[in-house]
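Examination of the molecular architecture
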Amino acid sequence: MNITFLGTSSGVPTLTRNVSSLALKLSQTAEVWLFDCGEGTQHQLMKSNIKSSQIKKIFITHMHGDHIYGLPGLLATLGLSGNSNGIEIYGPSELKSFVTSALESSFCKLSFPLRFREVEDFASLNKILFENDKLKVHCACLKHRLPAYGYRVSEKDKPGVFDIKKAEDSNIPPGPIYSELQAGKTVQLKDGRSFNGQDFCGPPRKGESFVYCTDTVFSESAVNLSKNADLLVHESTFSKADEKMAYEKLHSTTIMAAKTALLSNVKKLIITHLSPRYTQRSPIKPSDLLKEAQKIFPNTYLAKDFLTAEIK
């Protein structure tokens, strides 16, 4: 799995940063899951290597405009292109009325099914939001000026490394049989011999995990959601110097994001959702935000639009 940042600015777009959106590309299924969809997201998609036709799920953190204003336009475009077979949208309960109202008021009829999933109960009861044979998704309540939710995508453990040499030494012919053995299945050959796939595989490999937390001030629930994740993407709207403003607006500073990463024992942190007040010409620059976070959590990176990062 890998992620691509489509927007990394807080509140309003800048000349170099669009407002919030992130694409998660799933190598297992060639699907794209979108997290937030601020204004201009479809333009960002066109400039990236992400195909909008591959978007199958959209996860919205909260109802602030810089996270949702691009959603009706993106859906309308997908409807005109005719490339979508259907999209599931996860988010607050108010999201459905916002999207349907915008589409109906603009006389837009989609050519694909649209399904909404309200996340409130899943977050409050710590229930699995989505699960299939390869992945599961959890969500958690964050701490913002209005209800906001963080998301965690966890890949299930994968089969161990397949020992090809052992299979060859056992005179097992190559081909689809190897795939079945790697999956741990028992296979019987035409000559009557039977083999257990588990005898040809190493120990199971731990699945990858990704957490997306924005918008929020420091929150214990964000720490719990992120426990031992491979990658945490966390908002860092403000510098340490603007901590008072962060508490007033219920956003995170670089220190809060780094503290979340440290307490949750994640492997890597990427900070995003930067206030537009921090530019290359301002007293505090984006690179300064990165240095602040790295003092607490060294394996921290700074998001920028179109940055692609591997989960592990």
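Residues numbered from 1 in each chain as written. Predicted model: local features only at pLDDT ≥ 70, side-chain atom pairs only at ≥ 80, totals over all residues. Heavy atoms only, no water.

**A few points about the environment of Lys268**
On the secondary structure map, Lys268 appears in strand β14 (residues 268-272). For the pair formed by Lys268 and Thr300, sequence separation is 32 residues and the distance between their alpha carbons is 6.1 Å. Sequence-distant contacts of Lys268, defined by excluding residues within four places in its chain, comprise Asp230, Leu231, Leu232, Phe297, Asn299, Tyr301 and Glu310. At 3.3 Å, the side chain of Lys268 forms a polar contact with the backbone oxygen of Glu310. (Helix = DSSP H or I, 4+ residues; strand = E, 2+ residues; numbered from the N terminus. Contact = heavy atoms within 4.5 Å. Polar contact = N/O pair within 3.5 Å; in protein donor to acceptor, adjacent residues only side chain to side chain.)

**Some thoughts on the layout of surface pockets**
Once rolled over the atoms, a probe with the size of a water molecule shows which space is left empty. Space inside the largest pocket adds up to approximately 280 Å³. Around the largest pocket, the lining comprises 15 residues; the ones closest to its centre are Thr14, Thr16, Arg17, Tyr278 and Thr279. For the lining of the largest pocket, the class distribution of residues is five nonpolar, six polar and four charged. Its boundaries defined by the atoms lining it, the second largest pocket holds a volume of some 180 Å³. Around the second largest pocket, the lining is made up of 14 residues, and of these Ser10, Gly11, Arg145, Lys249 and His251 lie nearest the centre. (1 Å grid on protein atoms, 1.4 Å probe; cavity = no way out; pocket = protein on both sides within 12 Å on 5 of 7 lines; lining within 4 Å. Points joined across faces, edges and corners; volume = space filled by probe spheres on them. Nonpolar A, V, L, I, M, F, W, Y, C, P; charged D, E, K, R; others polar.)

**Focus: the nonpolar core**
Counting 28 residues, the largest nonpolar core has Ile3, Leu24, Trp33, Phe35 and Phe210 as its most contacted members. Residue assignment for this core shows that the elements contributing at least two residues are β1 (2-7), β2 (21-26), β3 (31-37), β8 (135-141), β9 (149-155), β12 (209-213) and β13 (231-235). The residues touching Phe35, leaving out its near neighbours within four places in the chain, are Ser21, Leu22, Leu24, Phe59, Tyr151, Val153, Phe210 and Tyr212. By size, the runner-up hydrophobic cluster in this structure holds 23 residues, among which are Ala23, Cys37, Leu95 and Val99. (Core = buried A, V, L, I, M, F, W, Y, C linked by side-chain atoms within 4.5 Å. Buried < 20%, exposed > 50% of the residue type's maximum accessible area, 1.4 Å probe, protein only.)

**Comments concerning the packing of helix α3 (residues 71-81) against helix α4 (residues 95-105)**
Look at α3 against α4: their axes get within 9 Å of each other, and the N-to-C directions meet at 55 degrees. Compared by their axis directions, α3 and α4 come out oblique. The chirality of how α3 crosses α4 is right-handed. Contact with α3, carried on its side by Leu71, Pro72 and Leu75, involves Leu95, Phe98, Val99, Ala102 and Leu103 of α4 and no other residues of that element. (Axes fitted to C-alpha atoms, helices over the stretch in contact; angles between N-to-C directions. Parallel < 35°, antiparallel > 145°, perpendicular 65-115°, else oblique. Left-handed = near helix turned anticlockwise from the far one by under 90°.)

**A closer look at empty space enclosed by the protein**
Scanning the entire structure with this criterion turns up two cavities of 30 Å³ or more. Roughly 40 Å³ of internal volume is contained in the largest cavity. Lining the largest cavity we find Ile89, Tyr90, Gly91, Pro92, Ser93, Leu95, Lys96, Phe116, Arg117 and Glu118. Contributions of two or more residues to the lining of the largest cavity are made by β5 (87-91), α4 and β6 (114-118). By residue class, the composition of the lining of the largest cavity is five nonpolar, two polar and three charged.

**So, unusual backbone geometry**
The omega angle of the peptide bond from Thr214 to Asp215 is 0 degrees, so this bond is cis rather than trans. Looking at where Asp215 falls in the secondary structure, it is placed in the loop between β12 and α8 (220-225). Phi is positive for Asn265, close to 60 degrees, though the residue is something other than glycine. Positive phi outside glycine occurs at Phe306, with the angle close to 75 degrees. Among the secondary structure elements, Phe306 is positioned in the loop between β15 (300-302) and β16 (308-310). Looking at Phe306, the relative accessible area reads 34%, which means it is partly exposed.

**Here's the deal with the packing of helix α10 (residues 254-264) against helix α11 (residues 286-296)**
Two elements in contact, α10 and α11, have axes whose closest approach is 8 Å; the angle formed by their N-to-C orientations is 35 degrees. Of the two elements, α10 crosses α11, and the hand of that crossing is right-handed. On the side of α10, the interface is formed by Thr254, Ile255, Ala258, Lys259 and Leu262, while α11 contributes Leu289, Glu292, Ala293 and Ile296. Looking at the contact of α10 with α11 residue by residue, the classes come out as six nonpolar, one polar and two charged.

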